[in-house]
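# Coordinates in review
Here is what each chain is made of, one letter per residue.
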Amino acid sequence: QVQLVESGGGTAQVGGSLRLSCAASGVMSSFTGMGWYRQAPGNTRELVAFIISGGSTNYADSVKGRFTISRDNANNTAYLQMNSLKTEDTAVYYCNFVQWSLGTQKYWGQGTQVTVYQ
């Protein structure tokens, strides 16, 4: 069973930066993907950024050029560097882990609040 531990987040002023981390344990496959989704009050959960073990990344248009996702494959840890933050980035950010091994297994972190203020 994969377990995810999230850290980072908090509050920042507009234009500031924050960094999220997500560490996965119990991983059974070398072919995995990690990333973050976010959900603001009244909104559906949306993809922010995702990276697979080969290094390919995918970003929401709204964060391209501002957020950077990276990962340490040896430690199954992903990082989301968030720069030039905007008030609309305020949301709960959820780490997502996908493992491809005899099928697809998906796991979610507990979520961490990111609040950006003027």
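Parameters and conventions
Residues numbered from 1 in each chain as written. Predicted model: local features only at pLDDT ≥ 70, side-chain atom pairs only at ≥ 80, totals over all residues. Heavy atoms only, no water. Buried < 20%, exposed > 50% of the residue type's maximum accessible area, 1.4 Å probe, protein only. Helix = DSSP H or I, 4+ residues; strand = E, 2+ residues; numbered from the N terminus. Pairing = 2+ DSSP bridges. Salt bridge = Lys/Arg side-chain N within 4 Å of Asp/Glu carboxyl O. Disulfide = S-S within 2.5 Å. Phe/Tyr/Trp six-rings, centres within 6.5 Å; stacked < 30°, edge-to-face > 60°.

## Section: the pairing of strand S11 (residues 112-117)
Residues Thr112, Val114 and Val116 of S11 are buried on one face, while the alternating residues Gln113, Thr115 and Tyr117, pointing to the opposite face, are not. The pairing of strand S2 (residues 10-13) with S11 spans four bridges and is classified as parallel. Residue pairing in the sheet places glycine 10 in a bridge with valine 114 of S11. Pairing of strand S9 (residues 91-100) with S11, which is carried by three bridges, proceeds in the antiparallel orientation. When the sheet's bridge partners are listed, alanine 91 is paired in S11 with valine 114.

## Quick word on the pattern of salt bridges
On inspection of all chains with the given rule, the structure shows four salt bridges. Residue aspartate 89 pairs with arginine 38 through a salt bridge whose shortest N-O separation is 3.0 Å. Of this pair, aspartate 89 sits in the loop between strand S8 (77-82) and S9 while arginine 38 sits in strand S4 (residues 32-39), placing them 51 residues apart in sequence. The exposure classification of aspartate 89 matches that of arginine 38, with both residues buried. As a salt-bridge pair, arginine 66 and aspartate 89 come within 2.7 Å of each other at their nearest N and O atoms. Taken together, the residues span a long stretch of sequence, with arginine 66 in the loop between strand S6 (57-59) and strand S7 (67-72) and aspartate 89 in the loop between S8 and S9 at a distance of 23 residues. The same class applies to arginine 66 and to aspartate 89, which are both buried. The network of salt bridges with common partners includes Arg38, Glu46, Arg66 and Asp89.

## Quick look at the state of the cysteines
Throughout this description, disulfide means a covalent bond between two cysteine sulfur atoms. Enumeration over the complete set of coordinates arrives at one disulfide. Between cysteine 22 and cysteine 95 runs a disulfide, and the two sulfur atoms are separated by 2.0 Å. Taking the sign of the S-S torsion, -85° for the link of cysteine 22 and cysteine 95, the bridge is left-handed. Of the two residues, cysteine 22 sits in strand S3 (residues 18-25) while cysteine 95 sits in strand S9, which places them 73 residues apart along the sequence. Accessibility classification places cysteine 22 together with cysteine 95 in one group, the buried group.

## Re the packing of aromatic side chains
For the coordinates displayed, the defined rule picks out three aromatic pairs. Between tyrosine 37 and tryptophan 108, the aromatic rings sit 5.1 Å apart at their centres with planes inclined by 70°, giving edge-to-face as the arrangement. Here tyrosine 37, found in strand S4, pairs with tryptophan 108, found in strand S10 (residues 104-108); they are 71 residues apart in sequence, far enough to count as distant. Of the residues examined, tryptophan 108 reaches a relative accessible area of 42% and is grouped as partly exposed. Seen in terms of ring centroids, phenylalanine 97 and tyrosine 107 are 6.4 Å apart; in terms of plane orientation they differ by 50°. Their pairing is tilted. One end of the pair, phenylalanine 97, is in strand S9; the other, tyrosine 107, is in strand S10, and 10 residues separate them in sequence.

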